[in-house]
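Here is what each chain is made of, one letter per residue.
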Amino acid sequence: MQLSNEEEDYNLSLSKFESMLKTNKVLFFDSEEFEEIILHYLDTGKAALAKKALKLALDQHPKSTGLKLVQVEMLVYDDKLDIAEKLLNELYAIEPNNEEIYIQKANIYSKRDQHGKAVELLKIALQYTDDYADVYNLIGMEYLFMDNLEAAKESFIKCLEEDIEDQSALYNVVYCFEFLDQNEEAITYLDNYIEKNPYSEIAWHQKGRLHYGLKDYEKAIHAFEYATLIDEEFLGAFMEKAKALERLGKYDEAIESYNRTIELDDATSYALLRIGKCHEKLGNKILALKFYNETVHEDPLLDKGWIAITDFYLREQNFQKALFYVKKALEIDNQNRLYWKRYATINKQMNFFEEAEFGYRKAVEFGDTELDTWLFWVDILQFLGEFESAIHTLLQAADYFPEENEIEYRLAGLYFMIQDNRKAKFHLSNALRLNFDNYILIEDLFPVVWTKKMVQNYIEKHKKQ
């Protein structure tokens, strides 16, 4: 690839400077060369070399405003804000129309969390700058810090009007639209942007993302395809396209798109997992399991990989293997209510009731408030003869489901089991009121209670009302 004259000069300056450091010979550089060298070292995180270059630069060009502004930037970088501010005030007295002075002052105010003052200074910088795009971008960032997303959006839009190729501003303007829940408006904006800059793969990709968020998967795929036509190595667009294809049930095409991401980069556990899911949807069970195993081999700490294998064996009703793999997932994330519920369900299927009870208890402890979780847990407690614990659990569940007949029937049955007939009748009355036809639950779950004449009479009496 041919380098431009500017790039060649820049590389020569850098080589010349590094050669000087090795030989300890002092060579002359003009102030702009020094500025580029210092900023290069700052950008690459080599602060010590940047400081060394700055010292040499100021020795050779003690009156250079540009170098002193670079010095300010380094002082701000080191959080020496008061010294930086003092130096800026000195520079302001010499060059009050230098936009960089206002930009650096704004940077200091920003560091002090005085973002409103930073914006004021940046607006003054607009009066003197030739690089409007950069200043509008900085203003947008300050508004983001203030959580003023509407003003930030407008600033990033102005930045793009000045420099249509500014990718960070494009990402930021879409972020603002999304945060403000203006997805449709964002798509309209991107449509207008694409008319002016049709070969922006970023714009097409962001448009696809927005359509995906609105569940308009066909349009999302269309946009992602444009992004990948412009940039054939756009990994993110291939990944998003695959997800949209999967949503539409186009599993073969989704696999092809996921495979493209693997061709472009090392296989990711996410891509392998999704390929496995697609194969399972297509009925390719052996291939699905192969990719699930590759997923956990690629990333043994990816709990979703172990859960995918768990669910695979659950569907196959191979509960012993499902139990082995759900334990693997729980070793990684032992506070996941969904994993504990699977653990409980598997143990219940294998008649390991104490383990199942423990699993349902942990699921609820970690936030599972689904009705079936409470009921499965209670039914196991009852099976284990822990009637008092079952009642206590049902009363907790009633806080979430105050008018649920299945809870009331169970409370009635359990109170009858512990001979508390007064409470039993109260809950049976509630249950019959809520859903009379479901009294069959008493017969199914509490056959001993069902045979009581008192219970039969109570149900019959309620039936006549």
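Parameters at a glance
Residues numbered from 1 in each chain as written. Predicted model: local features only at pLDDT ≥ 70, side-chain atom pairs only at ≥ 80, totals over all residues. Heavy atoms only, no water. Domains from an automatic or database assignment. Contact = heavy atoms within 4.5 Å. Buried area = accessible area lost by both parts, 1.4 Å probe. Salt bridge = Lys/Arg side-chain N within 4 Å of Asp/Glu carboxyl O. Polar contact = N/O pair within 3.5 Å; in protein donor to acceptor, adjacent residues only side chain to side chain. Helix = DSSP H or I, 4+ residues; strand = E, 2+ residues; numbered from the N terminus. Core = buried A, V, L, I, M, F, W, Y, C linked by side-chain atoms within 4.5 Å. Buried < 20%, exposed > 50% of the residue type's maximum accessible area, 1.4 Å probe, protein only. Axes fitted to C-alpha atoms, helices over the stretch in contact; angles between N-to-C directions. Parallel < 35°, antiparallel > 145°, perpendicular 65-115°, else oblique. Left-handed = near helix turned anticlockwise from the far one by under 90°. Nonpolar A, V, L, I, M, F, W, Y, C, P; charged D, E, K, R; others polar.

1. Looking at the domain arrangement of the protein
Moving on, step 1. You can read the domains of the protein as domain 1 (266-365) and domain 2 (369-464).
Moving on, step 2. If you average the C-alpha positions of domain 1 and of domain 2, the two centres end up 34 Å apart.
Moving on, step 3. Every contact between the two is made by ten residues of domain 1 and, on the other side, ten residues of domain 2.
Moving on, step 4. Looking at the side of domain 1 facing domain 2, the largest losses of area belong to F353, Y360 and V364, adding up to 49% of the total buried there.
Moving on, step 5. Where domain 1 meets domain 2, there are one salt bridge.
Moving on, step 6. Put simply, D372 and K341 hold a salt bridge, and the shortest N to O gap is 2.8 Å.
Moving on, step 7. One can count three residue pairs in polar contact (both at pLDDT 80 or more) joining domain 1 with domain 2.
Moving on, step 8. Mapped by element, the contributors of at least two residues to the side of domain 1 that touches domain 2 are α20 (337-349) and α21 (353-365).

2. Describing the nonpolar core
Soluble, globular proteins show a tendency: their nonpolar side chains are buried together.
Moving on, step 1. The biggest cluster of nonpolar side chains holds 42 residues, and the ones touching the most others in it are I139, L170, V173 and Y189.
Moving on, step 2. Contributing elements (two or more residues each) for this core: α6 (99-111), α7 (115-125), α8 (132-145), α9 (149-162), α10 (167-179), α11 (183-196), α12 (201-213) and α13 (217-230).
Moving on, step 3. Of all the elements, α9 adds the most residues to this core, at seven residues.
Moving on, step 4. Beyond its immediate chain neighbours, meaning those up to four positions away, I139 contacts V119, L122, K123, L126 and S155.
Moving on, step 5. Grouped together as the second largest cluster of nonpolar side chains are 33 residues, A397, A398, Y415 and L432 included.

3. Some remarks on the pattern of salt bridges
Pairs can form between side chains of opposite charge whenever their charged atoms are close.
Moving on, step 1. All chains considered together, the criterion is met by 21 salt bridges.
Moving on, step 2. Taking the shortest distance from any N to any O, the salt bridge between R410 and E406 comes out at 3.2 Å. Here R410 and its partner E406 are both found in helix α24 (residues 405-417), four residues apart, which amounts to about one turn of the helix.
Moving on, step 3. What makes E406 partly exposed here is its relative accessible area of 25%.
Moving on, step 4. Sharing partners across several salt bridges, the network here consists of K341, D368 and D372.

4. Things to note about the packing of α8 against α9
Moving on, step 1. The geometry of α8 relative to α9 is characterised by a closest axis approach of 8 Å and an angle of 165° between their N-to-C directions. Comparing their axes, α9 and α8 come out roughly antiparallel. For α8 against α9, the interelement crossing comes out left-handed. Residues Y132, A133, Y136, N137, I139, G140, M141, Y143 and L144 of α8 touch α9, and the partners they reach there are L149, A151, A152, S155, F156, K158, C159 and E162.
Moving on, step 2. Taken together, the residues of the contact of α8 with α9 break down into twelve nonpolar, three polar and two charged.

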